[in-house]
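Residue-level structural notes
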Amino acid sequence: MFTDIGALELVTLVVLAVLVFGPDKLPKVIQDVSRFIRKVRDFSDSAKEDIRSELGPEFKNFEFEDLNPKTFIRKQLDGNEDLRELKELRSTFDLKKEMNEVADAVHGRESQPSSLTGAPAAGTAVNGAAVTAVNGSPDLVKKDRPDAGERPPYDSDAT
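Per chain, the residues get numbers from 1 upward, laid out in the order the sequence is written. A pLDDT threshold of at least 70 governs which residues receive local features in this predicted model, and a stricter bar of 80 or more applies before side-chain atom pairs are shown or counted, although totals over entire chains, interfaces and linings include all residues. Side-chain calculation: all heavy atoms of the structure are included, whereas hydrogens and water are not.

1. Observations concerning the overall build of the protein chain
Secondary structure follows DSSP: runs of H or I at least 4 residues long count as helices, runs of E at least 2 residues long count as strands, and numbering of each begins at the N terminus. Scanning the protein chain from terminus to terminus reveals 6 helices and 4 strands. What you see in the protein chain, going N to C, is helices and strands ordered as α-α-α-α-α-α-β-β-β-β. Each residue is placed in one exposure class: buried if its accessible area under a 1.4 Å probe, protein chains only, is under 20% of its type's maximum, exposed if it is over 50%, and partly exposed if it falls in between. Residues classed as buried in the protein chain amount to 10% of the 159 residues present. Pairs at least 24 residues apart make up 14% of the contacts formed inside the protein chain by residues separated by at least 6 positions. Surface accessibility follows the Shrake-Rupley procedure with a 1.4 Å probe radius. Residue values consider only the protein chains on display as shielding. Accessible surface computed for the protein chain: about 14,100 Å², of which carbon and sulfur atoms make up 59%. Contacts were defined at the residue level, with two residues in contact if any of their heavy atoms lie within 4.5 Å.

This is how it looks when you write it as structure tokens:
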């Protein structure tokens, strides 16, 4: 319950309790507090048992901790085969390698054929931009730009 209380906080609480209740009444207060905590714990345990009995025999393994979404999802995914397949797929996928391949393709340093990466062939157009080959790899950076004197059309809805 109080797992994150340090020694200094505990000493401070004891000194504060002695100052507030006095040394002669402190044992009685401690007994009353412990009795109250015990009654609350018994009440919650009996309420849990009543709920389990009302739910029926199909919920005999029901735990109230499962109502926490994180715990529920973790419990559902632990025995799931799809999760194992996802972990296998994740282990075969190397994100750093894929990012390096994309960066090499953009900068024209790719040594693999462009058909493997899904890049368009040389001389094709992508969204109005011409893709030209530099050393056998596509150049996706250069795009057709309108003449310097020509202004693009004004769109009032875009501003």
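2. Details of the pattern of salt bridges
Between Lys or Arg on one side and Asp or Glu on the other, a salt bridge is scored when a side-chain nitrogen of the former is within 4 Å of a carboxyl oxygen of the latter. Taken as a whole and judged by the stated rule, the model has 3 salt bridges. Its salt-bridge partner being Lys 28, residue Asp 32 comes within 3.4 Å of it at the nearest N-O pair. With Asp 32 and Lys 28 both in helix H2 (residues 26-55), this residue pair falls 4 residues apart, about one helical turn. The partly exposed category is assigned to Lys 28, whose relative accessible area is 47%. Across the pair Arg 52 and Glu 49 runs a salt bridge whose closest N-O atoms are separated by 3.1 Å. Taken together, the residues Arg 52 and Glu 49, both in helix H2 and 3 residues apart, mark about one turn of the helix. Overall, Arg 52 belongs to the buried group, its relative accessible area being 17%. Residue classification places Glu 49 among the partly exposed positions, given a relative accessible area of 47%.

3. With respect to helix H1 (residues 7-21)
In this scheme, a helix's expected span is set at 1.5 Å multiplied by one less than its residue total. Taking 1.5 Å of rise per residue, the 15 residues of H1 would be expected to cover 21 Å, and the 21 Å separating its terminal C-alpha atoms lies within 8% of that figure. Positive backbone phi, approximately 85 degrees, marks Gly 22, located one or two places after H1.

4. So, a nonpolar patch on the surface
A contiguous nonpolar patch, built from Ile 5, Leu 10, Leu 13, Val 14, Leu 16, Val 18, Val 20 and Phe 21 and spanning about 680 Å² of accessible area, is present on the exposed surface. Locating Leu 13 in the fold gives a position in helix H1. Here a patch means residues that are over 30% exposed by relative accessible area and free of salt bridges, tied together within 9 Å if like-charged and within 5 Å if nonpolar (Val, Leu, Ile, Met, Phe, Trp, Tyr).

5. Considering the confidence of the model for the protein chain
Per-residue confidence from the predictor is reported as pLDDT, which spans 0 to 100. On average, residues of the protein chain carry a pLDDT of 75, and 70% of them reach 70 or more. Across residues 113-134, confidence stays below pLDDT 50; counting only partners more than four residues off in sequence or on other chains, it has 32 contacts.

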